[in-house]
Protein chains: 2
Amino acid sequence: MKRPTQVDVAKLAGVSRATVSLVINGQADGKVAISEETRLRVLKAVDDLGYEPDIRAQALRSGDTKTIGLIIIDMANPHYWEHADGIEQEARAQGFNVLLFTLSLDREYVNRIFRDLAGRRIDGLILSGGILSESRDAKKALANIHKYRLPVVELSDRFPDYELDCLVSDYRLATAEVINHLISLGHQRIGMVYGVASPALALDRLEPYRECLRHAGLPADESLIAYCGPTIDDGYQAALQLIKSPSRPTAIIAINDLLAIGVLRAASDCGLHVPADLSIVGFDDICLANFLTPRLTTASKKIISVGRDAIRMILDRIQNPDLAYRVIYAPARLIIRESTGPAPV
Amino acid sequence: MKRPTQVDVAKLAGVSRATVSLVINGQADGKVAISEETRLRVLKAVDDLGYEPDIRAQALRSGDTKTIGLIIIDMANPHYWEHADGIEQEARAQGFNVLLFTLSLDREYVNRIFRDLAGRRIDGLILSGGILSESRDAKKALANIHKYRLPVVELSDRFPDYELDCLVSDYRLATAEVINHLISLGHQRIGMVYGVASPALALDRLEPYRECLRHAGLPADESLIAYCGPTIDDGYQAALQLIKSPSRPTAIIAINDLLAIGVLRAASDCGLHVPADLSIVGFDDICLANFLTPRLTTASKKIISVGRDAIRMILDRIQNPDLAYRVIYAPARLIIRESTGPAPV
DNA sequence: TTGTAGGCGTTATCAC
DNA sequence: GTGATAACGCCTACAA
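Student: If you had to explain the relation of the copies chain A and chain B to someone new, which residues and values would you point to?
Tutor: The two copies are related by a screw operation: chain A maps onto chain B through 180° of rotation and 0.1 Å of translation along the axis, at an RMSD of 0.1 Å. Read as a symmetry element, the transformation amounts to a two-fold axis. Among all C-alpha atoms of chain A, that of Leu99 of chain A lies closest to the rotation axis, at 2.2 Å. In this assembly the copies share their binding face: 100% of the residues contributing to the interface of chain A also contribute to that of chain B.

Structure follows, in structure tokens:
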């Protein structure tokens with residue numbers, strides 16, 4: 001039992017294949033070159049056979065797949081899922097599907113995805129920052145992007161030092177705001193939990209952190225920074241280390257809300273009250289942040305619609321490969337809630 | 001500037017198209033019917049031109065797309081991303097890609113996805129429970145699945161009352177355990193926050209809840225059940241309602257951890273201490289559950305690997321459409337942590 | 001060992 | 001209005 005093709009429909013309706021094709025997608029065409037009678041006959045045959053056009057053949061013929069790839073760098077972080085959700089919805093609205101790729105630790109996988117792009121399984125690719133800059137074959141990938149004019153959009157937390165369409169949303173200003181906020185509350189020793197899935201990520205938080213502290217004449221020694229992995233438990237362990245250190249900070253900045261949850265837990269385990277004994281700040285304003293106890297002070301990018309901008313950018317690029325590369329910048333803002341308070345005396 | 005095809009490679013290497021094809025994917029074939037010299041020449045031409053086989057054409061020729069669809073019913077719930085993560089990873093391991101579909105409120109969208117399946121954009125479809133049973137066109141969808149032998153696997157919280165491959169993991173036993181646990185702690189009034197994205201979901205928690213209470217001779221009036229939507233805020237509002245009711249429950253069961261976070265927040269806002277004043281239970285054991293304050297008592301399905309089983313099931317079905325339908329069942333178990341304690345006196 | 005021919009299902013271009 | 005015919009790019013017998 002094979003599935004029906006256009007030929008079968010044509011045979012059943014007693015017309016030629018071309019007629020079938022015209023009936024099915026001749027709507028857009030100005031002149032309806034088909035008699036109502038045959039039209040209905042064809043439609044009936046389509047229905048009787050349960051005929052469905054083969055998308056693969058359409059893709060081969062028309063040249064595009066109406067599918068874009070999306071690489072999510074860390075599936076465990078709600079922040080990225082909010083991205084994925086927005087992108088998928090907007091893509092759908094524009095008649096596109098989304099092929100989802102997760103990056104575990106498998107860097108080689110990136111190359112396969114680029115091959116999918118070159119092989120026209122997907123029309124374009126949206127990727128989180130830290131992939132192109134970190135991949136061992138980054139230069140080759142970039143060269144290919146330019147050589148074949150592959151439609152690629154990067155979501156990044158810093159301005160790219162290469163030619164590419166980029167949606168940059170960084171926390172530089174927000175980090176400065178955070179530090180000022182903490183300083184104004186009397187904090188002197190401010191720690192950082194720095195846990196990333198990919199090396200170059202979140203420098204938009206680390207660098208201003210160092211700068212601002214130095215600028216304010218506060219200690220910024222390395223012992224205040226706990227480097228770790230991207231999971232909650234990593235954040236938990238890192239915070240324990242910070243809290244138990246001889247010169248415990250009175251405030252801890254986690255580079256994202258997920259890690260901040262681990263920090264909250266660590267504080268609780270050490271008998272510290274937040275924010276009375278320890279202030280905690282996160283980033284991303286994930287949907288849970290406002291429901292934690294205490295509600296998390298954090299920074300939000302939500303002023304922008306990642307999905308809409310990313311999809312618009314990639315579609316523009318697909319339509320016109322020769323467009324000049326663009327960078328769209330969107331800042332974030334600080335949201336003060338309950339996890340930060342005056343430094344303990 | 002068009003991208004190179006097999007013909008271009010053949011021309012450059014001075015051989016025929018078939019030779020190129022053989023060189024490229026003749027590895028598996030036992031007999032290497034190509035001379036080393038031409039092989040290298042072809043390979044060089046491939047490299048020079050940056051030739052990449054067109055996957056669309058391959059798909060059309062070979063009949064499959066090496067892609068499976070995945071419908072996620074609620075992107076905002078961590079539990080479902082854990083599914084998605086597992087499925088994507090396992091799919092990749094098996095050489096398949098995952099096309100991601102989100103279900104907002106757009107029921108009509110399901111039909112489009114089924115058309116994608118029929119149109120061979122995807123080889124198979126994995127869907128969360130509550131889609132097939134609730135869609136207005138559910139019967140039609142099921143009929144199509146059977147008629148065309150579409151490979152579909154459903155992830156469900158109850159045994160299907162229709163013929164389909166199903167990965168069932170329910171909380172019936174776990175819910176009974178939860179109730180017994182609470183009763184043994186002296187709780188008499190046990191409330192429930194029931195918030196779902198799709199009507200028939202989570203009956204595996206609602207029904208045993210009612211039964212067990214009745215069986216234990218405890219009140220099970222409707223005023224103890226707060227129906228709401230699936231977001232944290234919904235859970236928060238529902239819990240407020242429960243807490244402020246004249247006969248406030250001493251324990252609240254949320255049908256998942258996400259809602260439980262809202263309940264925790266509501267308790268906190270009402271000045272209730274958990275678990276001293278109010279015990280709270282969730283379901284799913286999302287990765288955050290063990291890091292909340294207090295750590296959440298919940299039930300876990302993690303004993304099974306959803307990804308592996310789902311992918312195996314769908315691949316089996318794709319390979320052999322005539323297979324008898326299977327249901328794989330996996331129970332869950334209760335995890336007692338800190339959010340449940342003795343009932344207040 | 002290599003080349004030739006046919007077909008996958010669709011759409012576009014021409015004649016009729 | 002409708003019906004052949006030729007691509008799209010690839011794969012696979014089969015023939016040379």
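Student: Provide a residue-level description of the protein's contact with DNA strand C, including the pertinent values.
Tutor: The local shell around DNA strand C holds 25 residues, among which Gln6 and Ala57 of chain A together with Ser16, Ala18 and Thr38 of chain B are the closest. Within the surface near DNA strand C, the residues separate by chemical class into ten nonpolar, ten polar and five charged.

Student: Tell me about the protein's contact with DNA strand D, and name the residues and values.
Tutor: In the vicinity of DNA strand D lie 24 residues, with Val15, Ser16 and Ala18 of chain A together with Gln6 and Ala57 of chain B positioned nearest. Secondary structure elements with two or more residues in the surface near DNA strand D: helix H2 (17-25) and helix H4 (55-62) of chain A together with helix H2 (17-25) and helix H4 (55-62) of chain B. With five residues, the single largest contributor to the surface near DNA strand D is H2 of chain B. For the surface near DNA strand D, the class distribution of residues is ten nonpolar, nine polar and five charged.

Student: Give me the interface of chain A and chain B: which residues, what numbers.
Tutor: Each side of the interface is counted separately: chain A has 43 residues, and chain B has 43 residues. Bridge count for strand E2 (residues 97-102) of chain A against strand E2 (residues 97-102) of chain B is three bridges, and the pairing is antiparallel. Across the sheet, residue Leu100 of chain A finds its bridge partner in E2 of chain B, namely Val98 of chain B.

Student: I'd like a rundown of the sheet that holds strand E4 (residues 152-156) of chain B, residues and numbers included.
Tutor: Pairing within the open sheet is mixed, and its twelve strands lie in the order E11(A)-E5(A)-E4(A)-E3(A)-E1(A)-E2(A)-E2(B)-E1(B)-E3(B)-E4(B)-E5(B)-E11(B). Either end of the sheet is taken by a strand with one partner, and the two such strands are strand E11 (327-329) of chain A together with strand E11 (327-329) of chain B. Here the strands of the sheet are splayed against their neighbours by 20° on average, with no regard to which way each runs. Across four bridges, strand E3 (residues 124-128) of chain A lies against strand E4 (residues 152-156) of chain A in parallel orientation. Among the inter-strand pairings, Leu127 of chain A is bridged to a residue of E4 of chain A, identified as Glu154 of chain A. Strands strand E1 (67-72), E2 and E3 of chain A of the sheet are contacted by helix H6 (residues 108-118) of chain A, whose axis makes an angle of about 170° with E1 of chain A.

Student: Lay out the pairing of E2 of chain B with the relevant residues and their values.
Tutor: Residue and element names in this part refer to chain B. Buried residues dominate E2, accounting for six of its six residues. Here six bridges tie strand E1 (residues 67-72) to E2, and the two strands are oriented parallel to one another. What sits directly across from Thr67, in E2, is Asn97.

Student: Requested: an account of unusual backbone geometry, with residues and values cited.
Tutor: Note that the residue after Val274 of chain A, namely Pro275 of chain A, is joined by a cis bond; omega there is 10°. Checked against the element boundaries, Pro275 of chain A lands in the loop between helix H11 (257-269) and strand E9 (279-281). The residue after Thr293 of chain A, namely Pro294 of chain A, is reached through a cis peptide bond having omega -5°. Note that Pro294 of chain A resides in the loop between E9 and strand E10 (298-300). Although it is not a glycine, Asp284 of chain A adopts a positive phi angle of roughly 110°. Positionally, Asp284 of chain A belongs in the loop between E9 and E10. Of note in the backbone geometry, Ala202 of chain B takes a positive phi value of approximately 65° without being a glycine. Considering the arrangement of structural elements, one finds Ala202 of chain B in the loop between strand E6 (190-195) and helix H9 (203-215).

Rules of the game
Residues numbered from 1 in each chain as written. Chains lettered and ligands numbered in written order. Predicted model: local features only at pLDDT ≥ 70, side-chain atom pairs only at ≥ 80, totals over all residues. Least-squares fit on C-alpha atoms with pLDDT ≥ 70 in both. Contact = placed C-beta atoms within 7 Å. Near = placed C-beta within 6 Å. Nonpolar A, V, L, I, M, F, W, Y, C, P; charged D, E, K, R; others polar. Helix = DSSP H or I, 4+ residues; strand = E, 2+ residues; numbered from the N terminus. Pairing = 2+ DSSP bridges. Axes fitted to C-alpha atoms, helices over the stretch in contact; angles between N-to-C directions. Buried ≥ 20, exposed ≤ 12 C-beta atoms within 10 Å, placed from the backbone.

As far as function goes, none of this settles anything; it's purely spatial.
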